[in-house]
Amino acid sequence: MPTLRVSPDCALNYVVDDYSDPWREPQTILMFHGNSESGAAWYAWVPHLARHYRVVRPDMRGFGASTPMPRDFPWTLDRICSDYIALADALGVARFHVIAAKIGGTIARHFAARHADRVLTLTLAGTPVPKRAVGSRAELIEEFEAKGVGHWARRTMTGRLGSRFPPEGLEWWIGFMGRTAVSTQVGFIPTIADADITDALPRIRCPTLVITTEGSALGSVEEVRTWQRMIPRSELLVLPGNSYHVAASDADECARATLDFIRRAGANG
């Protein structure tokens with residue numbers, strides 16, 4: 001897999017999928033995965049998207065095959081966004097669509113506000129409210145340190161993927177997320193996962209699609225609608241179900257809706 005040295009301490013792993021007609025120049029989609037994942041999380045989206053677009057799936061620094069981060073790494077949203085801009089620049093892509101899930105949506109909202117001139121459209125599938133009301137993360141950090149990321153993934157997976165997801169699928173996701181380095185996770189959670197991005201929402205200029213489920217644990221439909229309406233050119237899609245990782249539990253539906261949304265938005269690179 002190709003890698004890009006985005007800083008002295010990090011080589012960013014990424015995958016490019018492009019099955020568009022070879023005689024045309026497709027637009028690019030940049031995909032932001034969630035916590036304890038990698039670009040492989042988008043496996044079910046790729047067949048839908050890559051026939052029409054150049055799909056770039058990076059592993060966020062610290063995750064997947066990218067360089068793990070030490071426990072004391074100074075995580076910031078701007079640092080992650082700079083990694084993704086460096087990747088786009090290295091690939092020669094001036095403007096692109098962004099699709100994000102879970103905490104990737106927190107990063108993506110900040111990214112779209114900070115780099116409004118680069119983002120054609122934004123799709124947010126199953127992402128948290130812009131400011132999470134959380135207490136101490138000490139118990140969660142202790143769980144990571146004592147039992148590993150896989151223990152947490154197993155404990156929380158049913159809520160993440162919902163009651164309709166097949167048992168063998170749950171096991172795959174537990175193993176997939178459980179490979180995350182503990183050192184990455186203990187620094188990432190109390191900083192990036194709990195970041196307040198409320199001020200970014202009104203500054204997002206591109207057409208934006210927000211996707212959630214009727215019973216998402218990340219917020220009720222009304223709670224999601226409240227922050228979605230803070231994004232000027234946005235729309236909300238509510239799917240049936242009770243997963244909060246709708247990008248995984250309802251990947252085909254989300255991908256088809258995103259393709260339709262991008263086409264309706266009429267954004268040109």
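Each remark here, short or long, concerns the structure printed above.
This write-up is about the structure you can find in this document. (Residues numbered from 1 in each chain as written. Predicted model: local features only at pLDDT ≥ 70, side-chain atom pairs only at ≥ 80, totals over all residues. Heavy atoms only, no water.)

## Observations regarding the packing of aromatic side chains
Next up, step 1: One pass over the full model with this rule turns up 13 aromatic pairs.
Next up, step 2: Between the aromatic rings of tryptophan 75 and phenylalanine 188, the centroid separation amounts to 5.2 Å while the plane-to-plane angle is 85 degrees, which identifies the pairing as edge-to-face. Remark: phenylalanine 188 occurs in helix α7 (residues 182-193) and tryptophan 75 occurs in the loop between β4 (54-58) and α2 (77-90); sequence separation between them is 113 residues. Summarising the burial analysis for this pair, tryptophan 75 and phenylalanine 188 share the class buried. (Phe/Tyr/Trp six-rings, centres within 6.5 Å; stacked < 30°, edge-to-face > 60°. Helix = DSSP H or I, 4+ residues; strand = E, 2+ residues; numbered from the N terminus. Buried < 20%, exposed > 50% of the residue type's maximum accessible area, 1.4 Å probe, protein only.)

## Remarks on unusual backbone geometry
Next up, step 1: Within the chain, serine 36 stands out as a residue other than glycine whose phi angle is a positive 60 degrees.
Next up, step 2: Mapped onto the secondary structure, serine 36 falls in the loop between β3 (28-32) and α1 (46-49).
Next up, step 3: Phi is positive for lysine 102, which is not a glycine, with a value near 50 degrees.
Next up, step 4: Along the chain, lysine 102 turns up in the loop between β5 (96-101) and α3 (103-114).

## Examining the pattern of salt bridges
Charged atoms that come close allow side chains of opposite charge to pair.
Next up, step 1: If you walk through the whole model with that rule in mind, you get 16 salt bridges.
Next up, step 2: Between arginine 79 and aspartate 83 there is a salt bridge, with its nearest N and O atoms 2.8 Å apart. Taken as a pair, arginine 79 and aspartate 83 lie in helix α2 at a separation of 4 residues, close to a single helical turn.
Next up, step 3: The partly exposed category is assigned to arginine 79, whose relative accessible area is 25%.
Next up, step 4: Since its relative accessible area comes to 1%, aspartate 83 is described here as buried. (Salt bridge = Lys/Arg side-chain N within 4 Å of Asp/Glu carboxyl O.)

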